[in-house]
Amino acid sequence: MSSTHHEKMAKVYDKEILPTWSARFGRLLMKNLPFPADGMVLDVMCGTGYPAVEFMRANPSSQARIIAIDSAGPLLDEARKKAVDFFGKRLFFRSENPEKSLSFAAEVFETTYSNLGLMTYGRPQHNLIEMSRVTRSQGMVGVTLPLAGSWLEFFDIYREILVKRDKYDLLRRLDEYEQQHFPSIETASEWMHKAGLRNIQTETERFELLFKSGREFFYSSVVEFGPLPEWKRVVENPSEVNEIFAEINDAIDTHFKGLVFSVTIEAGCLIGQKLAWDEVVEDEGLLEEDDIEIIEEE
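Residues numbered from 1 in each chain as written. Predicted model: local features only at pLDDT ≥ 70, side-chain atom pairs only at ≥ 80, totals over all residues. Heavy atoms only, no water.

Check the secondary structure of the chain and you find 12 helices and seven strands. When the backbone C-alpha atoms are referred to their principal axes, the chain occupies close to 55 × 45 × 35 Å. Evaluated residue by residue, the chain yields a buried proportion of 52% over its 298 residues. In the chain, of all internal contacts separated by at least 6 residues, the share reaching a separation of at least 24 is 82%. Summed over all atoms, the accessible surface of the chain reaches about 14,700 Å², with 48% contributed by carbon and sulfur. Here the chain contributes 33 positively and 51 negatively charged side chains, and the mean placements of these two sets differ by 8 Å. (Helix = DSSP H or I, 4+ residues; strand = E, 2+ residues; numbered from the N terminus. Buried < 20%, exposed > 50% of the residue type's maximum accessible area, 1.4 Å probe, protein only. Contact = heavy atoms within 4.5 Å. Areas by Shrake-Rupley, 256 points an atom, 1.4 Å probe, with all protein chains shown as cover. Lys, Arg positive; Asp, Glu negative; His and termini not counted. Charge placed at Lys NZ, Arg CZ, Asp CG, Glu CD.)

Right, let's get into the sheet that holds strand S2 (residues 65-70). Ordered in space as S3-S2-S1-S4-S5-S7-S6, the seven strands form an open sheet in which the pairing is mixed. Unpaired on one side and paired on the other, strand S3 (91-95) and strand S6 (197-211) mark the two borders of the sheet. Ignoring which end each strand starts from, the neighbouring axes of this sheet average 15° apart. Bridge count between strand S5 (residues 135-146) and strand S7 (residues 261-274): seven bridges; the pairing is antiparallel. Along S7, the bridge assignment pairs Val141 with Gly272. (Pairing = 2+ DSSP bridges. Axes fitted to C-alpha atoms, helices over the stretch in contact; angles between N-to-C directions.)

Under the defined criterion, the tally for this structure stands at one cavity of 30 Å³ or more. In this structure, the largest cavity is lined by Val44, Met45, Pro98, Leu102, Ser114, Gly117, Leu118, Thr120, Tyr121, Asn127, Glu130 and Met131. For the lining of the largest cavity, the element with the most residues is helix H4 (residues 124-133), which contributes three residues. Here the lining of the largest cavity is built from residues that sort into seven nonpolar, four polar and one charged. (1 Å grid on protein atoms, 1.4 Å probe; cavity = no way out; pocket = protein on both sides within 12 Å on 5 of 7 lines; lining within 4 Å. Points joined across faces, edges and corners; volume = space filled by probe spheres on them. Nonpolar A, V, L, I, M, F, W, Y, C, P; charged D, E, K, R; others polar.)

Topologically, Glu78 is positioned in helix H3 (residues 73-82). The contact partners of Glu78, leaving out residues within four places of it in the chain, are Ala10 and Thr48.

Here the amide bond leading from Tyr50 into Pro51 is cis, since omega sits at 10°, within 30 degrees of zero. Residue position: Pro51 is located in the loop between strand S1 (40-44) and helix H2 (52-58). Positive phi, normally seen in glycine, also occurs at Trp151, with a value near 60°. Structurally, Trp151 can be placed in the loop between S5 and helix H5 (152-164). Take Trp151: its relative accessible area is 1%, and that puts it in the buried class.

In structure tokens form, the structure reads like this:
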């Protein structure tokens, strides 16, 4: 994403995206992830500092320190503004792009978590392996993500329009997109297991996003700065994108005329404990060689 995109998102994030989206997932994380009494904690893709700042406030007696990383400078600038009580003492924000790997050595952190960052770059298994790698033995790893069934009502209308246009090739692409970006809780749990995490606990929560019209839906910050660009990339021909999405907009207004367009979100939270390697290989879920990514320091 461009710096201009991140600057625009940073201006509306805390007011429009955080309360209706990120906080709904983050509360599950704070409810289920034990915060350590001391040591180091890593927040991956921290955005504007939620839930890192809230973890600090909720655990005043803890001596743990959080390193929070993100690749978007404008979001980090907003995070530093709200963290004045902790910044530089127990909470540190750092610009880092974790697309290929995390820059930290193995087994540094007591706890590693990511609120909605797992699916970033489309490499969830890789991201979990990296989060597990930098976490100490017996340490905790926690993630949140939207699960299968999220955006269901939108996808139903999307499919309706593609069928109407006889775009069955795009229907297959849409199915593939959903499978890749919105896994089942069972699939996400298997990712955790393959990353060397055990004692995996899960919690799911369903909530709804409400919109008055198709226009309000597409121009909402949660959609515009969230999955909308990927939804549009399903349509391979750029000249067709506007036509198809205009039809989707009209279909929403037609189907929900005088009503509210309610969109379902299935929120998932997964917490796992990293075992020592000898415990992992003794466990009945022994990792196969192909499941392990060897990361060598340069």
